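Observations on the model geometry
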Number of protein chains: 2
Amino acid sequence: MPPRIVELRRHVLKKNDELAAELRRRFAAARLLVVNLVSGPGTGKTSWLEKTLTELRARGLRPAALVGDPETDFDAQRLQRSGAPVRQISTRGLCHLDADMVANHLDAWDLSTLDFLFIENVGNLVCTASYDLGESLRVACLSVTEGEDKPAKYPSLFNSADLALLTKIDLAQACDFNAAAARQFLNDVRPGIPLLETSAKTGLGMEPWLNLLVTHQAQVKNHPSTKTEGN
Amino acid sequence: MPPRIVELRRHVLKKNDELAAELRRRFAAARLLVVNLVSGPGTGKTSWLEKTLTELRARGLRPAALVGDPETDFDAQRLQRSGAPVRQISTRGLCHLDADMVANHLDAWDLSTLDFLFIENVGNLVCTASYDLGESLRVACLSVTEGEDKPAKYPSLFNSADLALLTKIDLAQACDFNAAAARQFLNDVRPGIPLLETSAKTGLGMEPWLNLLVTHQAQVKNHPSTKTEGN
C-alpha cells in the first residue's frame, strides 16, 4: 500500500479503537455480554443466531441483535422472528462494521434491560478482523463447505477470535470435509482456541454454545464494576 | 466514510483504472483472453479452475493462471497440477487484487505464447468488485452453500460481472437450495446476465463453460488490433 494510505488506515483504526473502548466501558456498565460474530458470507451465522436468540429467550434471558450487511434488511427480518429486539445496519456497500456504526444503532435501546447483544458482522474474512466493536467475545465461524484451509489463508480473522464455530457440520460428509485438518489449520494460527462443532439444521452444538454464553454472561454480571447505565 | 477517506479512495481507484487500461491494451495486443474470477471465500473457484486449465490444455490450448490470497500458496500448488504456468499473488493480508499486483506478476511471462490468463481473486464479495484488473471477462461465482440472497446483499460484485457460475450444484439438495430464487436475486441486480450451473465434482457445466471461453478467445484472437507484444 502507498505510505499515505497506510498512515490514513492507521488513523482510522486508532479512532475506531478509541470508540470501541468507549463502547466496551458502556457495555460493562450495563452488564451486557457483547458477541461479535465474524465469518465469510454464507456460513450460516444468521440461522445459528436466530436459534440462539430463540433459545435464550426460552430460558428467560434477554438477548438483542445488530446485523450488518452491505445491502438489504433480510437478516434483520429473519432474526426478528425470534421475538428479540433486532436492528439492521446497512453499510451501504462497505465491507465491515465499525464501532461508530454500532454506537449509532444503540440509541433508544436501554442496555440495562438486556443480557446479551449479538453483533452479526458483514460476511467478509478479511476486513472485519481489524475493527474492534467493543465486544467481550469475538466468535469466528468457519463452514465445512468453505474448505479446511481458510484459517491459514485468512489468519487475521481467526487469530483475533476468542472462539470458533465449525458450522453446517451436517454437510461435512457431502463436502468430504476433513475436520482434523481444519482443527490443525486453526490451531496453527490461534493455538488453543476452543472450537465447537455446530449445525443449525440438527441443533448440534447448541447446548454447549448456550452454556458457554450463559457462563460468560454471569462473569460480566458479577464483575465488580459500578453499574451506571440505566440505573 | 469521512470525506478524506472518500477522496483518497477515489484517487486509488482512478490510479487502478489507469493501470488496468494499460493492462487491457497489453492483453489485447497479445491476443490473450483474461478472465477475473471473483466470489466469496470457499465457493470452489480453485477446484473449478484446476479442471478448466486441465481441459483447455487437453484441447491443445495454452492457459495460465494468477491466484490471489491474503496468505499461503496453497492454491498455486493445486493449480500447478494442471501443468499450466501458475503464479501465486500473496496480498499480505489485503482484501483484493489490484492492477498493479497483476502487472508485477506478469514479468518474464511471454504473453504471446498464451491463449488464456485466469486471475483468481481473493475470496471477498465486497472489495474485489471495485478493482478492474484489465480483464475481458469478469466471472462471479455463487455457491449453492452460501444461500440464494447473496446477489441482493452484495450487488456491486454481481452487477459488475459478465457471467455468473452457480457452483457446487451437487450439494443443492443437501442445502435446500432454491435455484429459481437465486436466479431471481441475480437478475434483479444484473438483468440478463448468463448463469451456468456447475459442479467441479461431477463436471456439470464444464462443456458449455469451455465452449464459452473458446468462443470469447476466438473473438480476441480475430480482433483487428495490431499484435505488438512478443512479435
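Here, every reference points to the structure presented above.
Description of the structure in this document. Numbering of residues starts from 1 in each chain and follows the order in which that chain's sequence is written. The naming scheme follows written order: chains are lettered A onward, ligands numbered 1 onward. With pLDDT at 70 or above as the cut-off, local features in this predicted model cover only qualifying residues; side-chain atom pairs require 80 or more to be listed or tallied, and sums for whole chains, interfaces and linings still use all residues. Heavy atoms throughout the structure, all of them, feed into the side-chain values; hydrogens and water do not.

Further remarks concern unusual backbone geometry. A positive phi is found at A108 of chain A, a non-glycine position, where the angle reads about 75°. Looking at where A108 of chain A falls in the secondary structure, it is placed in the loop between α4 (99–104) and β4 (116–120). Categorising residues by exposure relies on relative accessible area from a 1.4 Å probe, with only protein chains included: less than 20% of the type maximum marks a residue as buried, more than 50% marks it as exposed, and the intermediate range marks it as partly exposed. Classification of A108 of chain A by relative accessible area gives exposed; the value is 80%. One non-glycine residue, R92 of chain B, adopts positive backbone phi at about 50°. Each helix is a run of H or I in the DSSP string that is no shorter than four residues. Each strand is a run of E no shorter than two, and both are numbered from the N terminus. Relative to the elements of secondary structure, R92 of chain B occurs in the loop between β3 (86–90) and α4 (99–104).

Here the focus is the packing of helix α1 (residues 3–29) of chain A against helix α1 (residues 3–29) of chain B. Running from amino to carboxyl end, α1 of chain A crosses α1 of chain B at an angle of 150°, the nearest separation of the two axes being 12 Å. On the basis of their axis angle, the class for α1 of chain A and α1 of chain B is roughly antiparallel. As for the relative orientation of α1 of chain A and α1 of chain B, their crossing is left-handed in sense. Of α1 of chain B, the residues touching α1 of chain A (which contributes R4, I5, L8, H11 and V12 of chain A) are R4, I5, L8, H11 and V12 of chain B. The residue classification treats Ala, Val, Leu, Ile, Met, Phe, Trp, Tyr, Cys and Pro as nonpolar and Asp, Glu, Lys and Arg as charged. All others, Gly included, are polar. Residue composition of the contact of α1 of chain A with α1 of chain B, by class: six nonpolar, two polar and two charged. Helix axes use the C-alpha atoms of the stretch in contact, all axes being lines fitted to C-alpha atoms, and the angles between their N-to-C directions lie in the range 0 to 180 degrees. Should an angle fall under 35 degrees it is taken as roughly parallel, and over 145 as roughly antiparallel, whereas 65 to 115 is taken as roughly perpendicular and any remaining angle as oblique. Should the near helix be turned anticlockwise from the far one by less than a right angle, the crossing is left-handed, and should it be turned clockwise, the crossing is right-handed. It only takes one pair of heavy atoms within 4.5 Å for two residues to be counted as in contact.

Now for the relation of the copies chain A and chain B. Here the copies were fitted onto each other by least squares, based on C-alpha atoms from residues at pLDDT of at least 70 in both. Each copy of the sequence occupies a distinct position, and chain A is placed on chain B by a rotation of 180° and an axial shift of 0.0 Å, giving an RMSD of 0.0 Å. Taken together, the turn and the small shift mark the pair as related by a two-fold rotation axis. A high fraction, 100%, of the interface residues of chain A reappear at the interface in chain B, so the copies pair face to face through one surface.

Moving on, we come to the packing of aromatic side chains. By convention, a stacked pair of Phe, Tyr or Trp rings (six-membered ring in the case of Trp) has centres within 6.5 Å and planes under 30 degrees apart, an edge-to-face pair has planes over 60 apart, and any other such pair is tilted. In the structure shown here, the tally under the stated rule is six aromatic pairs over all chains. Summarising the aromatic geometry, the rings of F74 of chain A and F185 of chain B are spaced 5.6 Å apart at their centres and angled 50° between planes, so their arrangement reads as tilted. Of this pair, F74 of chain A sits in helix α3 (residues 74–80) while F185 of chain B sits in helix α7 (residues 179–189), each in a different chain. Judged by its relative accessible area of 25%, F74 of chain A is partly exposed. In this structure F185 of chain B comes out as partly exposed when scored by relative accessible area, which is 23%. Pairing F116 of chain B with F118 of chain B gives two aromatic rings, centres 6.1 Å apart and planes at 15°, and the pair type is stacked. You'll find F116 of chain B and F118 of chain B in the same group, each marked buried. Sitting over the ring of W109 of chain B, R87 of chain B keeps its end group 4.3 Å from the ring centre. Charges are assigned to positions over rings by a cutoff of 6 Å between ring centre and Lys NZ or Arg CZ, combined with an angular limit of 35 degrees from the ring normal.

With that settled, consider the state of the cysteines. By definition, disulfides here are pairs of cysteine sulfur atoms that lie within 2.5 Å. Here the structure, examined in full by the defined rule, presents zero disulfides over all chains. C175 of chain A supplies the cysteine sulfur nearest to C141 of chain A, a cysteine that is in no disulfide, at a spacing of 16 Å. Judged by relative accessible area, which is 2%, C141 of chain A ranks as buried. Unpaired in this structure, C175 of chain A has its nearest cysteine sulfur neighbour in C175 of chain B, at a distance of 6.9 Å. By relative accessible area, which is 22% here, C175 of chain A ends up partly exposed.

This part is about the sheet that holds strand β5 (residues 137–143) of chain B. Residues and elements named next belong to chain B. In space, the seven strands of this open sheet follow the order β3-β2-β4-β1-β5-β6-β7, with parallel pairing throughout. Each edge of the open sheet is held by one strand with a lone partner, namely β3 and β7 (195–197). On average, each strand axis in the sheet is inclined to that of its neighbour by 20°, with strand direction left out of account. For two strands to count as paired, DSSP must find a minimum of two bridges between them. Direction of pairing for β5 relative to strand β6 (residues 163–167): parallel, over a ladder of five bridges. In the sheet register, C141 faces β6, and the bridge partner there is L165. Contacts between helix α8 (residues 206–221) and the sheet are confined to β1 (33–38), β4 (116–120), β5, β6 and β7, with β1 contributing the most and set at about 135° to the helix.

We now examine empty space enclosed by the protein. Here the term cavity refers to a set of points on a 1 Å grid, laid over the protein atoms alone, in which a 1.4 Å probe fits but cannot get out; the term pocket refers to an open set having protein on both sides within 12 Å along at least five of seven lines, with lining residues being those that place an atom within 4 Å of a point. Grid points are joined across faces, edges and corners, and a volume is the space filled by probe spheres set on the points. Inspection of the entire model under this criterion finds one cavity of 30 Å³ or more. Each pocket or cavity is described by its volume, and for the largest cavity that value is around 50 Å³. Along the walls of the largest cavity sit P41, G42, S143, T145 and E146 of chain A together with P41, G42, T43, S143, T145 and E146 of chain B, which together make up its complete lining. Class assignment for the residues of the lining of the largest cavity results in two nonpolar, seven polar and two charged.

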